Amino acid sequence: MSDQHKYVMGEDRIPHSWYNVIADLPAPPPPVLHPGTGQPIGPADLAPLFPMSLIGQEVSTERHIEIPGPVRDVYRMWRPTPLYRAHRLEKALGTSARIFYKYEGVSPAGSHKPNTAVAQAYYNKAEGVKKLSTETGAGQWGSALAFAGALFGLDVKVYMVRVSYNQKPYRRALMETYGARCVPSPSMETASGRAILAEHPDSPGSLGIAISEAVEVAAQNDDTKYALGSVLNHVLLHQTVIGQEAIAQMEMAGAYPDIVVGCTGGGSNFAGIAFPFLGAKLSHKRDVRIIAVEPAACPSLTRGRYAFDFGDTAHLTPLVKMHTLGSTFIPPGFHAGGLRYHGMSPLVSHCKELGLIEARAYHQNPCFEAGVLFARAEGIVPAPEANHAVKGAIDEAVKAREEGRSPTILFNLCGHGHFDMQAYTDYFAGKLVDQEYDEAMLEASLAALPKVAAE
């Protein structure tokens, strides 16, 4: 095993196609249902929200989908991203495990999100769309879509979960620098926002509420489409450039992971790193354990019910089968805003049901402790979301040390924490609280799940 720290590839090694794991799964995922009829939806049902090219990708069963030249050209600004061997972290842990991480924080927006933002902006522009509406939690997705909108000449409006809008003013400023308009959600600009504020004037907001507002704007304006930063199949598809590059870089390192770890909120960065390795496992090439790590205060994979549910709070979206806490569930305002979503990607949820991935949940203080240890060893300050993956990888390395094993561990460091330093300040001051979700709220939210005959 080499002592090399960084594995870098040239622009010619950017993947030419995205990988669609659906082609290799042992069972197809459940269909998306129309909430009115309970029947599988067709392209026409999604046309008010998405361009047809993305609708086609959403339902595709093709194994490889070509990346358009203009998208690959933009990818060249930061891709391929580096793969690092965490020698100093290994030493700090006293482990013989070999730890690697794929670093997506080198993108202009500071996270993995532009991998799909650029693609979505390209396809919308190609079909004559003028404006995009979207939601964002911590602001990584909003920043990425604002960046992509600037490149392709699209107006972008971002509904940012109110608690994050207040916690992360510099993310908001970044979106505005790229030319987007950022609105705290719930807002008075939409019927769904006004309804929430009428009942809960001090609502901290949620991704489900912000999605409702963004979807409402797109559905009511012919020149506007909706863009989603996670959850849907086409979003996860675009992120697979991460794992495909990682496979090639692990070959450069003369290694292959025994364990792959990613944080999970909606599922996009996790799928990006994990699905190409899962594809290799399903084609009987190499075995690998795949671990999804989520926040204990919003534990959709470990505590949610696998059921058909709405993707938003106002019930404007189709019904998807996923691990869900219920569409009306509002999690506490912990700092990993990108992981505060009531549901998990239907495709990630399906893989969990098939037994192809594992899931665990952590509170935020242990995750920040792991992030600080990582930063002091490796020099990169992770985003609060990415700290969950860091914690998962460290736990596996410590367990290996205690059991006398030497596995190879790969995790996705999906973004840097430069816009999240207030969270670190609060952590050092002892102000971070490991908040528990409201059990009564969860039970009420689950009790209100839609009744679907297909279940």
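Residues numbered from 1 in each chain as written. Predicted model: local features only at pLDDT ≥ 70, side-chain atom pairs only at ≥ 80, totals over all residues. Heavy atoms only, no water.

### Observations concerning the sheet that holds strand β5 (residues 98-103)
Convention followed: Paired strands, in this sense, are two strands between which DSSP finds at least two bridges. What counts as a helix is a DSSP run of H or I of at least four residues, what counts as a strand is a run of E of at least two, and both are numbered from the N terminus.
Taking strand neighbours across the sheet as the criterion, the 7 strands line up as β1-β4-β5-β15-β10-β11-β14 in an open arrangement whose pairing is mixed. With partners counted over all chains shown, the strands left at the sheet margins are β1 (6-7) and β14 (358-362), one partner each.

### What to know about the nonpolar core
Our working definition: What we call a nonpolar core is a set of buried Ala, Val, Leu, Ile, Met, Phe, Trp, Tyr and Cys residues that are connected through their side-chain atoms within 4.5 Å. Residue exposure (1.4 Å probe, protein chains only): buried if accessible area is under 20% of the type maximum, exposed if over 50%, otherwise partly exposed. Every residue pair with non-hydrogen atoms within 4.5 Å of one another is taken to be in contact.
Core analysis: the largest hydrophobic core is formed by 94 residues, its most contacted members being W18, Y75, V118, Y226 and F275. Examining the composition of this core, we find that 9 residues originate from one element, helix α13 (residues 268-282), more than from any other. Once residues lying within four places of it in the same chain are set aside, the contact partners of Y75 are I14, W18, I67, P114, N115, V118, H238 and V241. Residues V261, C367, I409 and C414 belong to the second largest nonpolar core, which totals 32 residues.

### Observations regarding the packing of helix α5 (residues 114-126) against helix α6 (residues 140-152)
A pair of packed helices is characterised by two quantities: the angle between their axes and the separation of those axes. Definition in use: Only the contacting stretch of a helix is used when fitting its axis, a line to C-alpha atoms as for every element, and angles between N-to-C directions run 0 to 180 degrees. Working definition: roughly parallel below 35 degrees, roughly antiparallel above 145 degrees, roughly perpendicular at 65 to 115 degrees, and oblique for all remaining angles. Each crossing is labelled by how the near helix is turned from the far one, with a counterclockwise turn of less than a right angle marking it left-handed and a clockwise turn marking it right-handed. Each residue is assigned to one of three groups, with Ala, Val, Leu, Ile, Met, Phe, Trp, Tyr, Cys and Pro labelled nonpolar, Asp, Glu, Lys and Arg labelled charged, and all others, Gly among them, labelled polar.
Running from amino to carboxyl end, α5 crosses α6 at an angle of 40 degrees, the nearest separation of the two axes being 8 Å. Here α5 is positioned oblique relative to α6, judged by the angle of their axes. In this structure, α5 crosses over α6, and the sense of that crossing is right-handed. Seen from α5, the contacting residues are P114, T116, A117, V118, Q120, A121, Y122 and K125; seen from α6, they are W141, A144, L145, F147, A148 and F152. A class-by-class count of the residues in the contact of α5 with α6 yields 11 nonpolar, 2 polar and 1 charged.

### Focus: the packing of aromatic side chains
The cut-off we apply is this: Pairs were defined over the aromatic rings of Phe, Tyr and Trp, the Trp ring being its six-membered one, requiring ring centres within 6.5 Å. Orientation was assigned from the angle between planes: stacked under 30 degrees, edge-to-face over 60, tilted for the rest. Each ring is checked for a lysine NZ or an arginine CZ that lies within 6 Å of its centre and within 35 degrees of its normal; such an atom marks a charge sitting over the ring.
Taken as a whole and judged by the stated rule, the model has 16 aromatic pairs. With 5.9 Å between their ring centres and 50 degrees between their planes, F50 and Y226 make a pair best called tilted. You can see F50 sitting in the loop between α1 (43-46) and α2 (52-59) and its partner Y226 sitting in strand β9 (residues 224-226), a full 176 residues away along the chain. Each of the two residues, F50 as well as Y226, counts as buried. Pairing Y122 with Y123 gives two aromatic rings, centres 5.2 Å apart and planes at 65 degrees, and the pair type is edge-to-face. Linked through ring pairs, Y75, W78, F147 and Y178 together constitute an aromatic cluster. For the cation-ring pair, R172 lies above Y165, with the distance from its terminal atom to the ring centre recorded as 4.1 Å. Cation over ring: K391 sits above Y362, and NZ or CZ is 5.4 Å from the ring centre.

### What about the packing of helix α16 (residues 364-378) against helix α18 (residues 421-428)?
Here α16 crosses α18 at 105 degrees, and the two axes come no closer than 11 Å. Taken together, the axes of α16 and α18 are roughly perpendicular relative to one another. Where α16 abuts α18, its residues N365, F368, E369, V372 and R376 lie against A423, Y424, Y427 and F428. The residue makeup of the contact of α16 with α18, split by class, is 6 nonpolar, 1 polar and 2 charged.

### A short note on the environment of T302
Of note, T302 is situated in helix α14 (residues 300-303). Take T302: its relative accessible area is 40%, and that puts it in the partly exposed class. Note: C-alpha distance between T302 and R360 (58 residues apart in sequence) is 6.4 Å. Leave out the neighbours within four places in its chain, and T302 touches E294, A359, R360 and A361.

### A short note on the pairing of strand β10 (residues 259-263)
In the case of a regular strand, side chains alternate between the two sheet surfaces. Rules: Throughout, right-handed denotes a crossover for which the path from the first strand over the helix to the second runs clockwise when the strands point away from the viewer.
Across the 5 residues that make up β10, a large majority, 5, are buried. Since β10 and strand β11 (residues 289-295) lie parallel, the crossover through α13 that links them has a hand, and here it is right-handed. Pairing of β10 with strand β15 (residues 408-413) involves 3 bridges; the strand directions are parallel. If you follow V260 over to β15, its bridge partner there is L410.

### Quick notes on the pattern of salt bridges
We count it as follows: Salt bridges are counted wherever a side-chain nitrogen of Lys or Arg sits within 4 Å of a carboxyl oxygen of Asp or Glu.
For the coordinates displayed, the defined rule picks out 19 salt bridges. Notably, a salt bridge pairs R303 with E443, separated by 3.0 Å at the nearest N-O pair. You can see R303 sitting in helix α14 and its partner E443 sitting in helix α19 (residues 439-447), a full 140 residues away along the chain. Accessibility expressed as a relative area gives 38% for E443, which makes it partly exposed. Via salt bridges that share partners, R79, K102, E104 and E245 belong to a single interconnected network.

### Examining α19
Defined as follows: Working definition: the arc comes from the directions between the helix axis and the C-beta atoms, pointing outward to the latter. For this analysis, a polar contact is any N or O atom pair within 3.5 Å, provided that within protein one partner can donate a hydrogen and the other can accept it, and provided that sequence-adjacent residues contribute only side-chain to side-chain pairs.
Those residues of α19 not exposed but buried are L442, S445 and L446. Taken end-on, α19 shows its buried residues confined to a sector of 95 degrees, consistent with a single buried face. Away from the buried face of α19 by more than 90 degrees, exposed residues A440 and A447 are located. The N-cap of α19, judged by a side-chain oxygen 2.9 Å from the amide nitrogen of A440 a few residues on, is D438.

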